[in-house]
Amino acid sequence: MAFLGKIGLILSAGMLLAGGILLGIGAANGGIDQVRVMAENGELSIGGTRFFYPHRHHSANWAVTEEIDTTVLSDWGWEKEAEYTYAEALQDEIWLENEVIEIAKKDEIEELIINGETVGGEIIICPSSDNYFQITQGDFLYEINGISLEIFLNEDWSGNIYIPESWVGQRIDISVGNGYIYTDKLQADEVDIEIGAGYMQGTSIYTSDLDLEVGAGALELDKISAEDADIDIGVGRTYIMDAEITGDLDVDCGIGELTMYLEGKEADHNYDVSFAGNLNIGNYNYNEFRNKHRKIDNDAYSNFHIECGLGSVSLYFNEEY
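Source: prediction; values computed, not measured.

Caption draft 1: Local environment of the environment of L149. Residue position: L149 is located in strand β10 (residues 148-153). Taking C-alpha positions, L149 is 5.1 Å from L112, a pair spaced 37 residues apart along the chain. Setting aside chain neighbours within four positions, we find L149 in contact with I103, I109, E111, L112, I113, F133, Y142, E143 and I144.

Structure representation (structure tokens):
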């Protein structure tokens, strides 16, 4: 017992010493207020990533909870090797109250990532006449890492994301697991869209490289203009009213459905197709052929490679109607 008592005294003394050191550091640096001021001024950075507490930095009504939940990152599905500090927790406990917040200047951002792979809610992406990326109505967390702006969507997140109207990025990446998403015009060298079980509507996409992936959900687009496009459908549905594809198209459709109306005519492309389900290209229904793998060489620059499982793929051309 005496031995255990000595160990207890030693541990207690160690804890008191550590507490004194922490209090001293806090006093020397202005305590929590100093951390808050650094965050407000955008001076907090970890590994080149800036974290914002925009109470003054963005001149809006923001708030933080009194008690910081240090497990908030795991709730977002994040993995972080470094110890989760109070300053980081302070940033991640921010929420927004029906305000339009300027989060980045147009000329500072070249990549926009909207990450909500496991969440639902309603998301509206629309153009802004201002030279700022803005966000409104909802819980969110965002990071600016160099030229990249990444917006993380929490569960049942709903709100608007504003993209400067004249902005043309290097890359736009949108992933949503569930819920509804609407996008106005998107312009970037590369556009990647992934829809899990949700529903997305869009007006127009202009890009050199387009990648669309639909799991069990639905995707409807009014207009796409791309050099190359890759469309992957599981059991969901994709409908594109007006498509201009000047290069290569790769389609992989499981038991879902793709309907696309293309500019030009069927002879503008070469074809390599395999199918077990329903395949229509132009005026031809390929189900009439016994050979379920066909190649058609139209001596064209553009190549269409289509794999249709038990689903349905229909490509129609506006010059043939």
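There is more to say, and it comes next.
Caption draft 2: Representation of the pattern of salt bridges within the structure. Taken as a whole and judged by the stated rule, the model has 5 salt bridges. A salt bridge links K223 to E263; the nearest nitrogen and oxygen atoms lie 2.8 Å apart. One end of the pair, K223, is in strand β16 (residues 218-233); the other, E263, is in the loop between β19 (257-262) and β20 (269-275), with 40 residues separating them in the sequence. Using a relative accessible area of 15% as the deciding quantity, one classes K223 as buried. In this structure, D268 engages K265 in a salt bridge whose closest nitrogen and oxygen atoms are separated by 3.3 Å. Residue classification places D268 among the partly exposed residues on the basis of a relative accessible area of 30%. Where salt bridges share partners, they join K223, D242 and E263 into one cluster.

Caption draft 3: Geometry of the pairing of strand β25 (residues 312-317). Counting buried residues in β25 gives 6 out of 6 residues, a clear majority hidden from the surface. Taking every second residue as pointing to the same face, both faces of β25 are buried, with S312, S314 and Y316 on one and V313, L315 and F317 on the other. Judged from the 4 bridges that link them, strand β21 (residues 278-281) and β25 form a sheet pairing that is parallel. Its bridge partner lying in β25, I281 is registered against L315.

Caption draft 4: Geometry of the packing of aromatic side chains. Taken as a whole, this structure holds 5 aromatic pairs when the rule is applied. With a centroid separation of 5.6 Å and 55 degrees between ring planes, the pair formed by Y180 and Y199 is classed as tilted. Taken together, the residues span a long stretch of sequence, with Y180 in strand β13 (residues 180-183) and Y199 in strand β15 (residues 199-214) at a distance of 19 residues. A ring pair is formed by Y239 and Y261, whose centres lie 6.2 Å apart and whose planes are at 65 degrees; its orientation type is edge-to-face.

Caption draft 5: Structural detail: the side chain of E150. As for its placement among the helices and strands, E150 is situated in strand β10. Among buried Asp, Glu, Lys and Arg side chains, E150 stands out as unpaired, with R171 the closest opposite charge at 7.8 Å. There is a polar contact of 3.4 Å between the side chain of E150 and the side chain of N115. The contact partners of E150, leaving out residues within four places of it in the chain, are I113, N115, L141, Y142 and E143.

Caption draft 6: Up close: the environment of T207. Along the polypeptide, T207 turns up in strand β15. The spacing of T207 and L186 is 21 residues in sequence and 8.2 Å in space, taken between C-alpha atoms. Ignoring anything within four residues of it in the chain, the contact list for T207 reads A188, D189, E190, V191, S225, A226 and E227. At 2.8 Å, the side chain of T207 and the backbone oxygen of A188 are in polar contact. Among the polar contacts listed, one links the side chain of T207 to the backbone oxygen of D189, at a separation of 2.9 Å.

Cut-offs applied
Residues numbered from 1 in each chain as written. Predicted model: local features only at pLDDT ≥ 70, side-chain atom pairs only at ≥ 80, totals over all residues. Heavy atoms only, no water. Helix = DSSP H or I, 4+ residues; strand = E, 2+ residues; numbered from the N terminus. Contact = heavy atoms within 4.5 Å. Salt bridge = Lys/Arg side-chain N within 4 Å of Asp/Glu carboxyl O. Buried < 20%, exposed > 50% of the residue type's maximum accessible area, 1.4 Å probe, protein only. Pairing = 2+ DSSP bridges. Phe/Tyr/Trp six-rings, centres within 6.5 Å; stacked < 30°, edge-to-face > 60°. Lys, Arg positive; Asp, Glu negative; His and termini not counted. Polar contact = N/O pair within 3.5 Å; in protein donor to acceptor, adjacent residues only side chain to side chain.

Just distances and angles here, no functional claims.
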